Each structure stands twice: as structure tokens, then as C-alpha cells.
Amino acid sequence: MSKKTNAYLLIYILSASSNYFFVKSGLSYSDPLTLMALRYALAGASLAIPLAALHRLDPIIDTDMLLLSAFTAASTGFWAIGLTYVDPGTSAVLSYTMPLFAVPFSMIMLHESPSRGNVIGVIVGFLGVMVYYISFLGSVELIGAVFTVINAVFWALYSVYFRKLGNREPMNVVAMQMLISSLMLIAVAIPMGIRIRLQPMFLLDLAGTSLVGGSALFLFWNLIINHMGVSRAVSVVFLVPALTILLNYLVLGRAPTTLELIGATIMFVGIYISQRRSLNIKGPTSSP
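What counts, and at which threshold
Residues numbered from 1 in each chain as written. Predicted model: local features only at pLDDT ≥ 70, side-chain atom pairs only at ≥ 80, totals over all residues. Heavy atoms only, no water. Axes fitted to C-alpha atoms, helices over the stretch in contact; angles between N-to-C directions. Helix = DSSP H or I, 4+ residues; strand = E, 2+ residues; numbered from the N terminus. Parallel < 35°, antiparallel > 145°, perpendicular 65-115°, else oblique. Left-handed = near helix turned anticlockwise from the far one by under 90°. Contact = heavy atoms within 4.5 Å. Nonpolar A, V, L, I, M, F, W, Y, C, P; charged D, E, K, R; others polar. Patch = residues over 30% accessible without salt bridge, like charges linked within 9 Å, V, L, I, M, F, W, Y side chains within 5 Å. Areas by Shrake-Rupley, 256 points an atom, 1.4 Å probe, with all protein chains shown as cover. Salt bridge = Lys/Arg side-chain N within 4 Å of Asp/Glu carboxyl O. Buried < 20%, exposed > 50% of the residue type's maximum accessible area, 1.4 Å probe, protein only. 1 Å grid on protein atoms, 1.4 Å probe; cavity = no way out; pocket = protein on both sides within 12 Å on 5 of 7 lines; lining within 4 Å. Points joined across faces, edges and corners; volume = space filled by probe spheres on them. Phe/Tyr/Trp six-rings, centres within 6.5 Å; stacked < 30°, edge-to-face > 60°. Polar contact = N/O pair within 3.5 Å; in protein donor to acceptor, adjacent residues only side chain to side chain.

Undergrad: Which parts of the structure should I look at to understand the packing of helix α2 (residues 32–53) against helix α3 (residues 63–83)?
TA: Two quantities define a packed helix pair, namely the angle between the axes and the distance from one axis to the other. Between α2 and α3, the least distance of the axes is 9 Å, while the angle of their chain directions is 130°. The angle between α2 and α3 places the two elements in the oblique class. Considering only the axes of α2 and α3, their crossing is right-handed. The segment α2 lies against α3, with P32, L33, M36, R39 and Y40 engaging T72, T76, G77, W79, A80 and I81. When the residues that make up the contact of α2 with α3 are grouped by side-chain class, the tally is 7 nonpolar, 3 polar and 1 charged.

Shown next as C-alpha cells:
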């Protein structure tokens, strides 16, 4: 890989891993849906404003864009709710089960035929998920684990569905996707009750998840895809949950259990197998 590609990867992995900690901290000051609505509003605006200045913003709002945004809102909503129950390392590991769900969704939505490796990888990956779940039995963290995997399902849906909009400019789609998702999230947050404390630390967390873990994350993911291709990129970005687990220990002092490590290893092996002759999923397959 070139030095430029290595730099893109480093920035992406650091951005994605740090995002879990920005959000975990931000949840101390805000309810999950309001935090994610504000995150997407700022992230979307940070992409839309430069595009508008360059006369490249194309604000098309049709059925496909609304459906894509609904998948995005559901994904990030379940992810943030799950993160109130589990630590960032667990959230990262379970979120990155997304490729396992992308395989069957691509079969259904895009009529793509999986290879034998895809099928074997999905089966192995889900065995790893089950092992990981066992470590949470009898604890409140199991609720967070379930919500986080539901997030991975919707993450896979919007990643696959992004291909239906493949004839549109990616950054434009991502900007509109974030802005519309923000409105959807706040529409759900209002009747549920908005909780927010505007403290300096909250504003720092919001800026971190919106810019570092939002617009920059999606921007560098697209740059990585352009330089490496989807299949190679997907196999490398699993450094994100690995780094998040390490940061989880260094920052929060939370070391993974033996059972969690075994489950995560089985999951990643399954995901690697399923992606070796991967489906060419273009779009925002970066973190929710």
C-alpha cells in the first residue's frame, strides 16, 4: 500500500475507534437519540455546506433517499442506545458483525449469489456471536448487546441499499442521508423526552462524534475505497474493534474476558472468510 493509503487507513481507524468513546461520554449528558440527531445534523452540515459552495449539492429527496435515511437513523439509534449498556469495546466488536448480515441482504435486495466461502463465513461468524453472547447471560449488558447487533442489521441494510443510489455522487448522498436521518431521530426523541445538559465536555464529545467520528469518518472511508477497493478495505478495517478493545482497557480499565476474546476471534474469522470473495458493497460501510 502507498503512504497515502496508509495515512487514510490510520486516520480512519483512529477516527472510528475514538468515536465509541466520544459517544459513550456524551451519553452522560444527553439521551441517545438526541445526541445522534445532533451528531448527524452537524456532520451532514459540515459536508453539505462545502458541497453547496462548490455548487455540487444535489438535494434530491425521493423514496430511495428516505428509505436509506430511515435505515441510517435506525442503525445509529440502536447503536447509541446499546452503548448506554455496554462498553465501547463490546459495542465495536458487535457492531462489526455487519458484513455477516450484508451477505443475505445482498442476495435478497441485489439478487447477488453468495459463494461457498460467503455462506461458511456467515455460519462461523454467527457461532462467534453466540459465544460472545454467553458471556453476557444474566447481566443487564445483554440488553445492550442485543441492541448493538440490531444496529448491525440496519447498518448492513443501509450499506447494501446505498448501491441502489450508485449513480449519485457519494458525498452528496452521505450529506443528505445524515441531514434527513437527523430529522427522523429528533422526531422520535421529542415524544420520548429530550434530555440534554450543555456542559463543555458534552460540546467536546459532540464535536468529536460529529466531525471526527462523523464527516471525517465517511470521507476517509470513501477515500480508502477509491484507493484499495471494497474487499481489501473491509478486511483491514477490523483493526477498529481490535484498537477499541485496547483503548477500552487503557482508558476505562476494562479488559475483555477469555470468553469474549474467543467469541470475537471466531466472529472475525467468519467475517474474513465471508469477505474473501466479497460482495462489492459500495457506500457508507463505516461505523454507524
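Back to the write-up after that little detour.
Undergrad: What is the right way to look at a nonpolar patch on the surface in this model?
TA: Taken together, the side chains of I190, I194, I196, L198 and L203 define a hydrophobic patch exposed on the protein surface, amounting to about 480 Å² of accessible area. Along the chain, I196 turns up in the loop between α8 (170–192) and α9 (200–228). For I196, a relative accessible area of 35% corresponds to the partly exposed category.

Undergrad: Please explain the pattern of salt bridges as it appears in this structure.
TA: Evaluated as defined, the whole model comprises 4 salt bridges. Of the charged contacts, one joins D87 and R254 as a salt bridge, the two residues approaching to 3.2 Å between their closest N and O atoms. With D87 in the loop between α3 and α4 (88–95) and R254 in the loop between α11 (239–252) and α12 (258–275), this pair connects stretches of sequence that are 167 residues apart. A residue is classified by how much of its surface remains accessible, and R254, at 23% relative accessible area, is partly exposed. For the salt bridge of E260 with R254, the shortest nitrogen-to-oxygen distance reads 2.7 Å. Linked through salt bridges whose partners overlap, the residues forming this network are D87, R254 and E260.

Undergrad: Any chance you could explain empty space enclosed by the protein here in plain terms?
TA: Over the atoms a probe the size of a water molecule is rolled, and this reveals where empty space is left. One pass over the structure, following the stated rule, counts 3 cavities of 30 Å³ or more. Within this model, the largest cavity holds a volume of roughly 70 Å³. Forming the boundary of the largest cavity are D87, G89, T90, Y132, I245, N248, R254, A255, P256, E260, L261 and A264. At the level of secondary structure, the elements contributing two or more residues to the lining of the largest cavity comprise α4, α11 and α12. Examining the composition of the lining of the largest cavity, we find that 3 residues originate from one element, α12, more than from any other. A breakdown of the residues in the lining of the largest cavity according to their chemical character gives 6 nonpolar, 3 polar and 3 charged.

Undergrad: In this structure, what is going on with the environment of M192? I would like to understand it.
TA: Locating M192 in the fold gives a position in helix α8. Judged by relative accessible area, M192 falls into the exposed class, the value being 61%. Separated by 159 residues in the primary sequence, M192 and L33 place their C-alpha atoms 9.3 Å from one another.

Undergrad: Would you take a moment to explain the packing of aromatic side chains for this structure?
TA: Aromatic rings in a pair are described by how distant their centres are and how their planes are angled relative to each other. Considering all chains together, one arrives at 7 aromatic pairs under this definition. Each ring, one from F71 and one from Y161, has its centre 5.8 Å from the other, and the planes form 80°; the classification is edge-to-face. Within this pair, whereas F71 is found in helix α3, its partner Y161 is found in helix α7 (residues 141–161), the two being separated by 90 residues in sequence. Per residue, the accessibility class of F71 equals that of Y161, and both read buried. By way of ring pairs, the aromatic residues F78, F147 and F154 are connected into one cluster.

Undergrad: What am I meant to see in the packing of α4 against α11 here?
TA: Two elements in contact, α4 and α11, have axes whose closest approach is 8 Å; the angle formed by their N-to-C orientations is 170°. Here α4 lies roughly antiparallel to α11, going by the angle between them. Listed contacts from α11 to P88, G89, A92 and V93 of α4 are P241, T244, I245, N248 and L252. Across the contact of α4 with α11, the residue classes tally to 6 nonpolar, 3 polar and no charged.

Undergrad: How do you make sense of α4 when you look at a structure like this?
TA: The α-helix advances 3.6 residues per turn, and as a result positions three or four apart in sequence lie on the same side. Burial runs high along α4: 8 of the 8 residues are buried. If you check which residues of α4 are buried, you get P88, G89, T90, S91, A92, V93, L94 and S95. Taking the backbone nitrogen of G89 as reference, a side-chain oxygen 3.0 Å away marks D87 as the first, capping residue of α4.

Everything listed here is a matter of geometry and, on its own, says nothing about what the molecule does.
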